[in-house]
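# Residue-level structural notes
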Amino acid sequence: MVEISTPCGRLQFLQQRRWLPVTLPCPLTIFTGMWILVFCSIFVWQKSSFDVVRLFGHTAPMEGLVPKLRPMVLNLSDFGAVGDGQTLNTKAFESAVAAISRLRGKGGGQLNVPAGRWLTAPFNLTSHMTLFLAEGAIILGIQDENYWPLMPPLPSYGYGREHIGPRYGSLIHGQHLKDVVITGQNGTIDGQGQLWWIKYRKKLLNYTRGPLLQIMWSSDIVISNITLRDSPFWTIHPYDCKNVTLSGLTILAPVTGAPNTDGIDPDSCENMVIENSFICVGDDGIAIKSGWDQYGIAYGRPSTNILIRNVTLRSVVRFTYSQPQQPLRTLPILNFSVSLLSITSAGLSIGSEMSGGVSNITIEDIHVWESRRGVRIKTAPGRGGYVRGVSCRNLTLDNVRVGIVVKTDYNEHPDAGYDPRALPVINGLSFVGVHGRGVRVPVRISGSDEIPVRGVTLRDMSVGISYKKKHIFQCSYVEGRVFGSVFPEPCENFDRYDEQGRLVKRSTNQNATDIDYGF
């Protein structure tokens, strides 16, 4: 459990000259000087622990820090909670959080959740709080939506996302917080989303489903070393937050039958690290967002300075409901009929709600397996905003239908009030070290006359393909450069350079269109 916070004050040096004798014996002088050096070194080290560290233009936490301990540790059981999976423990959680809230001025407190199955309705966090889940601890979300509070639509969406009007809150929620840690010994937060998914498919819900964990308008957030599973909707949703670290997470939901269970959705967030995690869910593994159409443009908060590294991702390969529907083996309780619907998702997405802008994104050492899409950028006329400065290095694709996707006609809108003349800008996409096997289409970049895709760089790409078709590398309205060896053969839209950066062949038609959605 590691927590990073801002130092409370600065070292003040005395101005008087009489704090040391005028003369000191030589050994004592040396000894005193050494102590001063040690003290100053500790101060500099401690201060550097709290300062922001820049890594490729992004913020990253210092590694190896000694964690700051909370002055007070509370146990959930001391507030009357019963971990039998049946007793409702909402009041116990609320009472414990209230007790920690009263300790804000003293450094806050830690709430220990011991081993057991702790059923609860949604509850809120407080600032200067650590929520610690011991090994074997499981926080269970109650499945009855009547216990879930309603909240206003997000201001950058203007809409519940699935329904007009309010939306359900999250199981664990926080607003306007500072210095919050959620960690443990791989304890679990389980949203028990199965019944939510059924009701959504049957259209029995009047409001948008709630995330499992949502933190809004907050800063200095650390979530680490826990498992999150079976969210009713998006799993982790940081909204308009700064200085967020997500590390050592396992995020799970069935890859079929669990609609919109995105793993992590940074939304209008700044200075964020997502690292060392495993995500296998029923929609996008990670989806970077910043608002929807005119609402996102008006809110105007971009997602920027986000580092994603050492993450394994799996999302839906292909999921189609038909009528009648047989029970799914992964979810035996499902036995319902709905109309035909297909789901297409990706291991890592940017958009499609990106109207506030997305910039300065670094993606390193990512493995996407058994998924419909690898890395995808999606937008449409009416979104406005921009996607720029996206750098992807060391991407491994394993049995993925389409590896790298840019889609500019993802026409899903909150209402008819959007401006179709609000065109997004896509510029500055770099992909270096893309490898894999069993991929049908390694690259599909589908720009348009309205929304061209500019500044694309490809280097060191070798992807084993599963379809031997002529136009396996697909482009439309793309401007960019290819360096050195790239397999399969890139489309003619790119300028070709050798490994030393010397121009070999200039593109003759950057607007050439060769898109085949049939495979």
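Residues numbered from 1 in each chain as written. Predicted model: local features only at pLDDT ≥ 70, side-chain atom pairs only at ≥ 80, totals over all residues. Heavy atoms only, no water.

## Side note on the overall build of the protein
- Counting secondary structure elements, the protein contains four helices and 35 strands.
- Considering only contacts in the protein between residues 6 or more positions apart, those separated by 24 or more positions represent 75%. (Helix = DSSP H or I, 4+ residues; strand = E, 2+ residues; numbered from the N terminus. Contact = heavy atoms within 4.5 Å.)

## Re the nonpolar core
- Core analysis: the largest hydrophobic core is formed by 100 residues, its most contacted members being Leu125, Leu131, Ile286, Leu429, Phe473 and Phe494.
- Ranked by residues supplied to this core, first place goes to strand 28 (residues 386-407) with eight residues.
- Ignoring sequence-local partners within four residues, the contact set of isoleucine 286 consists of Ile264, Pro266, Ile274, Ile279, Ile308, Val311, Leu313, Gly347, Leu348 and Ser349.
- Counting 10 residues, the second largest nonpolar core, distinct from the first, contains Met151, Leu154, Met216 and Tyr239. (Core = buried A, V, L, I, M, F, W, Y, C linked by side-chain atoms within 4.5 Å. Buried < 20%, exposed > 50% of the residue type's maximum accessible area, 1.4 Å probe, protein only.)

## Focus: unusual backbone geometry
- For the bond running from glycine 351 to serine 352, omega is 5°, close enough to zero to count as cis.
- Note that serine 352 resides in the loop between strand 26 (348-350) and strand 27 (358-378).
- Backbone geometry places aspartate 230, a non-glycine residue, at a positive phi of 50°.
- The phi dihedral of aspartate 365 is positive, around 55°, even though this residue is not glycine.
- Residue position: aspartate 365 is located in strand 27.
- On the basis of relative accessible area, aspartate 365 is assigned to the partly exposed category, the value being 39%.

## Observations regarding the side chain of arginine 444
- Positionally, arginine 444 belongs in strand 30 (residues 441-446).
- A polar contact is formed between the side chain of arginine 444 and the side chain of glutamine 474, at a distance of 2.9 Å. (Polar contact = N/O pair within 3.5 Å; in protein donor to acceptor, adjacent residues only side chain to side chain.)

## Thoughts on the state of the cysteines
- Overall, the coordinates contain one disulfide when judged by the stated rule.
- Residue pairing for cysteine 475: its cysteine sulfur links by disulfide to cysteine 491, the two sulfurs lying 1.8 Å apart. Because the sign of the S-S torsion sets the handedness, a value of about -70° for the bond joining cysteine 475 and cysteine 491 places this disulfide among the left-handed ones. With a gap of 16 residues between them, cysteine 475 in strand 32 (residues 473-476) and cysteine 491 in the loop between strand 33 (478-487) and strand 34 (494-497) connect regions that are remote in the sequence. (Disulfide = S-S within 2.5 Å.)

## As for helix 3 (residues 194-201)
- Burial in helix 3 covers these residues: Gln194, Trp196, Trp197, Ile198 and Arg201.
- Lysine 203 occupies a position one or two residues after helix 3 and carries a positive phi of about 60°.

## A closer look at the packing of aromatic side chains
- Summed over the entire model, instances satisfying the criterion amount to 11 aromatic pairs.
- Through pairs of rings, three or more aromatic residues link up here, namely Trp148, Tyr168, Trp196 and Tyr207.
- Residue placement shows arginine 388 over the ring face of tyrosine 386; its charged tip is 3.8 Å from the ring centre.
- Over the ring of tyrosine 497 we find arginine 481; its NZ or CZ atom is 5.9 Å from the centre of that ring. (Phe/Tyr/Trp six-rings, centres within 6.5 Å; stacked < 30°, edge-to-face > 60°. Lys NZ or Arg CZ within 6 Å of the ring centre and 35° of its normal.)

## A few points about helix 2 (residues 90-101)
- Relative to the 16 Å expected for 12 residues at 1.5 Å per residue, helix 2 spans 16 Å between its end C-alpha atoms, a close match to the ideal helical length.
- Listed as buried for helix 2 are Thr90, Ala92, Phe93, Ala96, Val97, Ala99 and Ile100. (Expected span 1.5 Å × (residues − 1).)

## Examining the sheet that holds strand 18 (residues 236-239)
- Read across the sheet, four strands follow the order 7-12-15-18 without closing on themselves; strand pairing throughout is parallel. With partners counted over all chains shown, the strands left at the sheet margins are strand 7 (123-124) and strand 18, one partner each.
- Bridge count between strand 7 and strand 12 (residues 172-175): two bridges; the pairing is parallel. Bridged to asparagine 124 within strand 12 is histidine 173. (Pairing = 2+ DSSP bridges.)

## A few points about the confidence of the model for the protein
- When the pLDDT values of the protein are averaged, the result is 86; 81% of them are 70 or greater.
- In the predicted structure, residues 1-24 sits below a pLDDT of 50 and forms 30 contacts with residues beyond four places in sequence or in another chain.
- Contacts of residues 319-342 to residues separated by more than four positions or lying in other chains number 48 contacts, the stretch itself having pLDDT below 50. (pLDDT = per-residue confidence, 0-100.)

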